[in-house]
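# Overview (structure and organization)
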Amino acid sequence: MSFVKIKDINKHFGQGDSYVDALSDINMDIEKGQIIVLLGPSGSGKSTLLNIIGGIEDADSGYIAIDGEKIEDMNEKKLTQYRRKHLGYVFQMYNLIPNLTVRENIEVGAYLGKNALNVDELMDTLGISGQKNKIPSQLSGGQQQRTSIGRAIVKNPDILLCDEPTGALDYVTSKEILKLIEDINKKYGSTIIIVTHNDAIKNMADKVYKLRDGKIVSEYTNESKTPAAELEW
Amino acid sequence: MKNPLNRRYTRELKSDAGKYVAIFLFLVFFIGVMSGFLVTNNSVAKTFNEGLSKYRVEDGHIVFSIAPNNELLEKIAKENDLSFFNLYYKEEDIGDENHTLRIYKNRDEINLISLHEGRLAEAADEIAIDRMYADNNGIKVGDKLVIRNREYTVTGLTSVPDYACLYESNSDMMFDAITFGVAFLSEKGYSEMSDAHEKHNYAWVYNKPYADDNEAKKKSDDMIDSLEDIIKEYDQAQVQAQVNALYDEAKAVSEVLEDQFDDASSVIKNKIKKAGTRAGKKAISSLSSEEILNTISARSKKSTSDLIQRTVALLGLSDEQLLQLQTMVASGQISSDQYLGAALQLSGKSESELMTLFIRASGLSMNSASDALIKRAARKQGTSVDGLIARQLGTNTKAYREMLDAFEDAENLLDDVDSESMEAPVINFDELDSEKDYENEMNFNLDDIYAILDKVDATGIYNTSEIRASLDRLKAIMNSEIDDSLLIEVDDYLPRYLNKAINFVIDDASGDEAGAMLMLYIIIAVIAFMYAVTTSNTISREAGVIGTLRASGYSRGELTRHYMVLPIIITLIGALIGNILGYLVFPSVFKKVYFKNYSIAPFELFWTPKAFLLTTIIPLAIMLVVVFLVISRKLSIKPLNFLRGELKRKGKKRVIRLPSKVPFFSRFRTRILFQNIPSYLVLFVGIFAAAIMAVFGSMFGPLIEDYTVLVRQTKIAEYQYILTDTVETENTEAEKYCITTLNTTDKKYVIDDIGVYGINEDSKYITKDIPEGTVLVSNGYFEKFDLSIGDKITLKEPYGTKEYTFTVGGEYTYDAALSIFMNRAEYLDTFDEDDDWFTGYFSHTQLTDLDSDDIAAVITEADLAKIATQLGSSMGAMMSAFSGLGAVLFLLLMYILTKQVIEKNTKSIALTKILGFTGGEIGKLYLLITSLVVVASLFLSIPLIDVALRWMFKSYMYTEMSGYIPYIISNDCYIRMIIMGVVCYALVAVGMMFKINKIPKGEALKNQEL
């Protein structure tokens, strides 16, 4: 049985004339430790799908099970616990807490995990040890995103959800961040789901799902992944 | 691991130090003041309760009109199971400003004296006076006071528990420690002072203490009932004794009078008899024999010849003589007329004996014959028999006859004053229409007896002076009045539970406590909402972070707690420090306030958990609830919505379309208004709370002035005299009226004295018509007791149980006192007074012809406005504190909420700067709307303040305080409040302009709030 099972997920927005099918009959099977890329243009439904996996948005029908545990039946309290236990989130906007230092922002994530990683080691891995006492406004976008990834990964989640993690970053920094994600996958064995519209990123994934208009238009497993550092766009 | 979010707190405090320091200081100060106030209050209450036994405080006192005898006191004491203590006092005016000192002897049994300075009076010319009165009048130990022309040296400053609050009378609305005080003389000093103004006051203590006010009331009601009976019995006995004495005296005089009349009667009868005899003899002697013969013949109905024959037969002539007589007749020697004369001659008897012979011959009684003869003689003399007697008595016929007639009635009249049947009536007040009626029982008609004496005097035959003297005495007895001064009345009766001079400190403290706590909680709630609004804006600003944290697994509870911690910690620490200050620092301030207002014994401060609960736990709870409700509601939005910045709970953000014709700046400002509605709502509520404090703090000064003017405008007359007796005046301006005082019975309100006026029907002074069977009610009474026309009001005797019910027929504008006005006739009927009864005069001019002894009081403007003066003197300091607090609250709210609006728009402000707007223009955009909200809130507060303060007057001042002061808020108070608000806002706005100018343009370029 796959680690993450997504079964017949449907989701719509609006009513009447503004009715839109955001997701239609989505089915996925994700194995533990895989890097998954959900690729698609704006409005294809990839972020909605990520949010449903993250338990911050409900599906109209279908279910998602993580390690056999279905999240469709969960009340808010259980969903919070689910997110706390299994998920790390990285967004395009870093959403760091402005009056906490880098280290503290990461600790905010560490606080949630029972088996949290060593913060200092992680900062080394993230390459932000030198900035650990700075507050977000003193950091570059890349450093902020590294911190944000640190905050997400520090609690050692089963799944890291990354919503356009490089959307606000330049090419070089984007690649650095993607490499970091790749390193984390290798080092901690985290299952990582990346939502992106950047076609190049698909090459670093174990498995790619292409979405358009709320449907999976293609899915394939990368037989030969390209290391993130070698990605070009 | 500690929650790393906790580290934000100190940073948050630092970054928004202005806001937190302002709120913190406000809380520390405000809670400190409130806690200090409570600690002091509770300490005063504790000292008061302990003082009840320590200072042996009375359970009540009673003032009798005269000194009661021991028997009466013992009876009252026995029936009510209590002990009396003599607390006589003398009330003396001192100084030129109508100051009154109530002077007692030093006390050692009850209501014990606390010395604040110096010592008690020992020598006769030493005096110890109340500390507060002394303070208010700058009197110090060693100073001299002149009372009744004697100089006294002040030896000490004191306080006594029965004047903890210097109420001269329990019906005064406010106490008065400026013109009224109490003082203590040595035993000798007291006895040497004139008794002219002495009051016979007795304090009592129940032998079994009561548990609470309900029991105190029951005991007091029972005592009133028993007092009424005992005093009635006592007074009845007094009247009975006097009536008995009068009757005894009258009886003795009557006995003398009867004897005198008997004597007079026999003397007069004798005189008449003698005069009659003498007059008869004299009259008969004037008749000729022929006249006598004819008269007797006529009365006896016998012919003269027959009579002559019978008379001759009675002469006892011998046969020879008879023969001789017949021969003389036959020979013609004598005519028939001379027959009797010849016979008389032959018999040798005198002519004077002839009349007796005639009478015998006629067969008439001597009296009948005499009567006929006297009448004949009187006729001959042209008079009557009475005329003859009168003449004989030396008087005239008319006077003599009138005297005779009068004497016929005399007997009946004397039966009235018959000493045998003269019995004193049994006096029973219940059976008398009025207590004066016992005098009518002896109302004999002595005038008729005087008339008889006049008639006797007119004849001059008897000297009536002795009888007159007795009659005069009897009349004097009859007219003598029962000596009212011997009757005992209750002039004042006051159980402790109603005594404001004792209880006001505690009542005021608890009333103030409730008010202060209400204010504290309202302000805490305002601050809580302010926190809630600012925190809720922080939440909006941090929406992305919150969304991420929620998505990462932070629970709503964790975040709610996180955002609640600062307000709660600030409040908790503020409250704790406030409490410490409240115990250590502020009580000294409140102690001063207490000592400035009340004449209380020195007291220690006690910390009580109650103060902590009320000023720390409850405010904290209010803060917790308000902040929790607002924040948890705000955080109930889904994580995704936070991430998307969709913070409206329902639906998407709606953009209100504003017509493009509206100028850009106006549209811009309108958007700011919409954006900040919660802040502005809190600002409005806060401004209202601050404004109400500011207005409340400043309303009493002008109110007192306005009230004084009203009193002057609505007074009934320039002079209102209250008399001790019904004396007449020559002054044509003067108009009689009646007044008495009754008490209200409405349990919702404290007991009020109501002046009940009886007004002449055609009064020049109260010109409003009083509908028959109803009363006019003064506007104060109308307003305070919420009356309507047609309502029934029930009033009762102040020291009795009798109740009177009146129908409200209308309202009469008279601001000086709570009064009702009824027609005098109805008044007299209601209170069972005589038709000519009155108690005083209204007059526009001074009544110079009244004796000062007859005047009990003259009420002038100064007296009427007394309450205003008292209110002014006692509320001044406290009120300025309110205004000050209002100003601080204005500043705090305006600062925090205006700052909040600016901060919320920091990015936009930076952007407008980049676009080229000047600082002034930006100020106009972001501050003008806040300015408008502030000004609108200030103005909008006015009607709300009016409603709130009117409610406070009705629900607190009118129900908890006796007397009346109208609800008037001078426009000046509102103007001052608005100026205060605007000035506070102006200061804040200047500060905010600096803040706007300091916002760097770079803020606009940040892609998120950092």
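Residues numbered from 1 in each chain as written. Chains lettered and ligands numbered in written order. Predicted model: local features only at pLDDT ≥ 70, side-chain atom pairs only at ≥ 80, totals over all residues. Heavy atoms only, no water.

## Concerning the overall build of chain A
Filter applied, for reference: In DSSP terms, a helix is any run of H or I states spanning at least four residues, a strand is any run of E spanning at least two, and both are numbered starting from the N terminus. Classification of residues uses two cut-offs on accessible area relative to the type maximum, computed with a 1.4 Å probe and protein chains only: under 20% is buried, over 50% is exposed, and between them is partly exposed.
What chain A contains, in helices and strands, is six helices and 10 strands. When each of the 233 residues of chain A is scored for burial, the buried share is 56%.

## Description of the overall build of chain B
To keep it simple, the criterion reads: Residues are treated as being in contact if the distance between any of their heavy atoms lies within 4.5 Å. Note on areas: these come from Shrake-Rupley sampling with a 1.4 Å probe, and a residue is covered only by the protein chains present in the view.
Scanning chain B for helices and strands turns up 31 helices and 20 strands. If you take every contact in chain B between residues at least 6 apart in sequence, the share linking residues at least 24 apart comes to 81%. Approximately 47,200 Å² of chain B is accessible, and the part contributed by carbon and sulfur atoms is 53%.

## A short note on the packing of aromatic side chains
Any pair of aromatic rings gets described here by the distance separating the centres and the angle formed by the planes. Residues and elements named next belong to chain B. The condition is simple: Only Phe, Tyr and Trp rings are paired, with Trp represented by its six-membered ring, and only when their centres lie within 6.5 Å; those with planes under 30 degrees apart are stacked, over 60 edge-to-face, the remainder tilted. Only when the NZ of Lys or the CZ of Arg is both within 6 Å of the ring centre and within 35 degrees of the ring normal is a charge said to sit over the ring.
Within this structure, the stated rule accounts for 33 aromatic pairs over all chains. For the ring pair Y804 and F806, a centre distance of 6.5 Å and an interplane angle of 15° mean the geometry is stacked. Three or more aromatic residues joined by ring pairs form one cluster here, namely Y737, Y757, Y765, Y812, Y814, F821 and F842. The aromatic ring of F606 is capped on one face by K46, whose charged end is 4.4 Å from the ring centroid. The cationic tip of R107 hangs over the ring face of Y104; the distance from NZ or CZ to the ring centre is 4.3 Å.

## Considering the sheet that holds strand β7 (residues 159-163) of chain A
Working definition: the strands of a sheet are paired by backbone hydrogen bonds and lie parallel or antiparallel to each other. Residues and elements named next belong to chain A. We apply this condition: Here, any two strands with at least 2 DSSP bridges between them count as paired. Interaxial angles span 0 to 180 degrees and are taken between N-to-C directions of axes, which are lines fitted to C-alpha atoms, for helices over the stretch in contact.
The strand order β6-β7-β8-β3-β9-β10 describes an open sheet built from six strands, whose pairing is mixed. Of all strands in the sheet, those bounded by a partner on one side alone are β6 (87-91) and β10 (215-221). Here the average twist between neighbouring strands, direction ignored, is 15°. Strand direction decides the pairing type here: strand β3 (residues 35-39) and strand β8 (residues 191-196), joined by five bridges, are parallel. From the neighbouring strand, V37 faces β8, where its bridge partner is I194. Each of β3, β6, β7, β8 and β9 (207-212) is contacted by helix α1 (residues 46-53), which is oriented at about 150° to β8, the strand it contacts most. The sheet strands contacting helix α6 (residues 171-188) are β3, β7 and β8, and the helix crosses β8 at an angle near 160°.

## Description of the interface of chain A and chain B
Spelled out, the test is: Here the quantity called buried area is the total loss of accessible area, with a 1.4 Å probe, experienced by two parts when brought into contact, counted for both. By definition here, a salt bridge exists when the distance from a side-chain nitrogen of Lys or Arg to a carboxyl oxygen of Asp or Glu is within 4 Å. Pairing of N or O atoms within 3.5 Å defines a polar contact, subject to two protein rules: one partner must be a possible hydrogen donor and the other a possible acceptor, and residues neighboring in sequence count only if both atoms are side-chain atoms.
Taken together, the 31 residues of chain A in the interface contact 30 residues of chain B. Roughly 2,800 Å² is buried in total at the junction of chain A and chain B, and carbon and sulfur atoms are behind 57% of that figure. Of all residues in chain A, N95, N99 and Y111 of chain A bury the most surface against chain B, accounting for 21% of the area lost on that side. At the boundary of chain A and chain B, one finds eight salt bridges. Where chain A meets chain B, there are 13 residue pairs in polar contact (both at pLDDT 80 or more).

## As for the pattern of salt bridges
In this structure the tally under the stated criterion is 54 salt bridges over all chains. For R468 of chain B, the salt bridge is made with D457 of chain B, and the minimal N-O distance between the two is 3.1 Å. You can see R468 of chain B sitting in helix α16 (residues 465-479) and its partner D457 of chain B sitting in helix α15 (residues 447-459), a full 11 residues away along the chain. The network of salt bridges with shared partners includes R103, E104, E107 and D120 of chain A together with R7 and R11 of chain B.

## With respect to a positive patch on the surface
Residue and element names in this part refer to chain B. For the record, the criterion: Put simply, a patch holds well-exposed residues, over 30% relative accessible area, that have no salt bridge, with like charges counted together within 9 Å and Val, Leu, Ile, Met, Phe, Trp or Tyr side chains within 5 Å. Only four residue types enter the tally: Lys and Arg on the positive side, Asp and Glu on the negative side; His and the chain ends are excluded. Charge positions are represented by NZ for Lys, CZ for Arg, CG for Asp and CD for Glu.
A surface patch of positive charge is lined by K274, R278, K282 and R391. Among the elements that make up the positive patch, the one with the highest residue count is helix α6 (residues 213-285) (three residues). Here R391 is to be found in helix α13 (residues 385-393).

## Quick look at empty space enclosed by the protein
Residue and element names in this part refer to chain B. Formally: Using a grid of 1 Å spacing that covers the protein atoms alone, one calls a set of points a cavity when a 1.4 Å probe fits there but cannot get out, and a pocket when the set is open and has protein on both sides within 12 Å along at least five of seven lines; lining residues are those with an atom within 4 Å of a point. Grid points are joined across faces, edges and corners, and a volume is the space filled by probe spheres set on the points. The classification used treats Ala, Val, Leu, Ile, Met, Phe, Trp, Tyr, Cys and Pro as nonpolar, Asp, Glu, Lys and Arg as charged, and all other residues, Gly among them, as polar.
Inspection of every chain in the model, using the stated rule, returns five cavities of 30 Å³ or more. Reported here for the largest cavity is a volume of approximately 230 Å³. The dominant element in the lining of the largest cavity, judged by the number of residues it contributes, is helix α2 (residues 17-54), at five residues. For the lining of the largest cavity, the per-class residue count stands at 13 nonpolar, five polar and no charged. Of the voids in this model, the second largest cavity is the one considered here, and its volume is about 140 Å³. Around the second largest cavity sit R8, Y9, E12, K19, Y20, T535, T538, E542, H562, Y563, L566 and P567, which together line it. Counting residues per element, the ones that place at least two in the lining of the second largest cavity are α1 (8-15), α2, α17 (500-541) and α19 (556-584). Among the elements that make up the lining of the second largest cavity, the one with the highest residue count is α19 (four residues). For the lining of the second largest cavity, the residue count by class is five nonpolar, three polar and four charged.

## Comments concerning the pairing of β7 of chain A
Residues and elements named next belong to chain A. Worth spelling out the cut-off: Looking down the strands as they point away from the viewer, one classifies a crossover as right-handed if the path from the first strand across the helix to the second runs clockwise.
Burial analysis of β7 places five of its five residues in the buried class, the great majority of the element. Side chains of β7 alternate between two faces, with I159, L161 and D163 and L160 and C162 buried alike. Pairing of β6 with β7, which is carried by five bridges, proceeds in the parallel orientation. What sits directly across from L87, in β7, is I159. Inspection of the sheet shows β7 paired to β8 by five bridges, in the parallel sense. Looking at the pairing, L161 lines up with I193 of β8. What joins β7 to β8 is α6, and the crossover it makes is right-handed.

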